[in-house]
Structure formats: C-alpha cells, structure tokens
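For reference, the chains in residue letters:
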Amino acid sequence: MLYAIIGEDRPDSLEARLAARPAHLARLNLLLQEGRLVLAGPCPAIDSPDPGPAGFTGSLIVAEFSSLEAAREWADADPYVAAGVYTQVTIKPFKKVLPA
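Bear in mind that the values here come from a model prediction, so they are computed numbers and not experimental data. (Residues numbered from 1 in each chain as written. Predicted model: local features only at pLDDT ≥ 70, side-chain atom pairs only at ≥ 80, totals over all residues. Heavy atoms only, no water.)

Engineer: Mind laying out the sheet that holds strand β4 (residues 86–94), listing which residues take part and the relevant values?
Structural biologist: One open sheet holds the four strands; their spatial order is β2-β3-β1-β4, and the pairing between them is antiparallel. Edge positions in the sheet fall to β2 (37–44) and β4, since each has one partner strand and no second. Between one strand axis and the next, the sheet turns by 10 degrees as a mean value, whatever way the strands run. With eight bridges joining them, strand β1 (residues 2–9) and β4 adopt antiparallel strand pairing. Looking at β4, one finds that I5 is bridged to I91. On the sheet, helix α1 (residues 14–33) packs against β1, β2, β3 (56–64) and β4 and is oriented at approximately 10 degrees with respect to β3. Here helix α2 (residues 68–76) sits on the sheet in contact with β1, β3 and β4, set at roughly 155 degrees to β4. (Pairing = 2+ DSSP bridges. Helix = DSSP H or I, 4+ residues; strand = E, 2+ residues; numbered from the N terminus. Axes fitted to C-alpha atoms, helices over the stretch in contact; angles between N-to-C directions. Contact = heavy atoms within 4.5 Å.)

Engineer: Describe empty space enclosed by the protein, listing the residues and the values that go with them.
Structural biologist: Using a probe with the size of a water molecule, rolled over the atoms, empty space left in the structure can be pinpointed. One pass over the structure, following the stated rule, counts one cavity of 30 Å³ or more. Estimates place the volume of the largest cavity at around 50 Å³. Lining the largest cavity are I5, G7, I61, W74, A75, D78, V81, Y86 and V89. When contributions to the lining of the largest cavity are tallied by element, the ones reaching two or more residues are β1, α2 and β4. (1 Å grid on protein atoms, 1.4 Å probe; cavity = no way out; pocket = protein on both sides within 12 Å on 5 of 7 lines; lining within 4 Å. Points joined across faces, edges and corners; volume = space filled by probe spheres on them.)

Engineer: Account for the environment of R10, naming residues and giving values.
Structural biologist: Along the polypeptide, R10 turns up in the loop between β1 and α1. Along the sequence, R10 and P53 sit 43 residues apart, while their C-alpha atoms lie 14 Å from each other. Polar side-chain contacts of R10 include one of 3.2 Å to the backbone oxygen of D12. (Polar contact = N/O pair within 3.5 Å; in protein donor to acceptor, adjacent residues only side chain to side chain.)

Engineer: If you had to explain the nonpolar core to someone new, which residues and values would you point to?
Structural biologist: Side chains that are nonpolar tend, in soluble globular proteins, to be buried together. Counting 17 residues, the largest nonpolar core has I5, L31, I61, F65, W74, V89 and I91 as its most contacted members. Listed by contribution, the elements that provide at least two residues to this core are β1, α1, β3, α2 and β4. (Core = buried A, V, L, I, M, F, W, Y, C linked by side-chain atoms within 4.5 Å. Buried < 20%, exposed > 50% of the residue type's maximum accessible area, 1.4 Å probe, protein only.)

Engineer: Explain α1 to me, and be specific about the residues and the numbers.
Structural biologist: With 20 residues, α1 ought to run about 28 Å at 1.5 Å a step, and its terminal C-alpha atoms sit 27 Å apart, in line with that. Elements that come into contact with the buried residues of α1 comprise β1, β2, β3, α2, α3 (79–82) and β4. Downstream of α1 by a residue or two, G35 has a phi angle that is positive, lying close to 75 degrees. (Expected span 1.5 Å × (residues − 1).)

Engineer: A description of the pattern of salt bridges should follow, citing residues and the corresponding values.
Structural biologist: Enumeration over the complete set of coordinates arrives at four salt bridges. Put simply, R17 and D9 hold a salt bridge, and the shortest N to O gap is 2.9 Å. (Salt bridge = Lys/Arg side-chain N within 4 Å of Asp/Glu carboxyl O.)

Engineer: Describe the layout of surface pockets, listing the residues and the values that go with them.
Structural biologist: Its volume calculated, the largest pocket comes out at about 230 Å³. Forming the walls of the largest pocket are 14 residues, and the residues nearest its centre are R17, R21, L25, G41 and P42. Of all the elements in the fold, those that place two or more residues in the lining of the largest pocket are α1, β2 and β3. Top contributing element to the lining of the largest pocket by residue count: α1, with six residues. Classifying every residue of the lining of the largest pocket by side-chain character gives nine nonpolar, three polar and two charged. (Nonpolar A, V, L, I, M, F, W, Y, C, P; charged D, E, K, R; others polar.)

Honestly, that's just the spatial picture; any functional story needs more than this.
Now the structure itself:
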C-alpha cells in the first residue's frame, strides 16, 4: 500500500537539512531503485522553487510499504529526524487516483 509521509521542519533548520540531505536522498534513491517511490520533495518556505535562505517548511514522500508500521519505522530512521530537522512526522495511508 502507498503511504504519505509528511515531515514538518522546525524553524531555522536549513543548515541541518543541508547537512543531512545526502543521507536522506540516498535512502530515497533506494526506494526508487526498488520501484516503491511515487514522489518525494520539499515544501519551499516561500513561493519559489529555490527559496534560498528562507529554506523549507517540510517534505512530502509518497511510497509503497508493506504496512503502516513499516512506513513508520522507515520514517523514524530518516536522517532528517536524527538531525532534528523535522519537528513532526505524520504518516497516512494514501490512495493514488491520478494519473492512472
């Protein structure tokens, strides 16, 4: 089943985010190689694809996991969690409708 993983950044987390980004992307690339990643990306803090020093307010990942518990375990091990980038992570089952 698909799950939406929504991480919310703490204020002033850009430096920690950038430091943890290579390890974060490596884990996402593993999901991609396994054919389990639907989409992933950050939410800019301003209306711009490159928010510069304004940074980001969080991230969205939609990926396939065997269960909600498996999605939670994966999310809990995220480098952004370990680095203190995220203040909260919400995981919800997700049903993709479009594109088909």
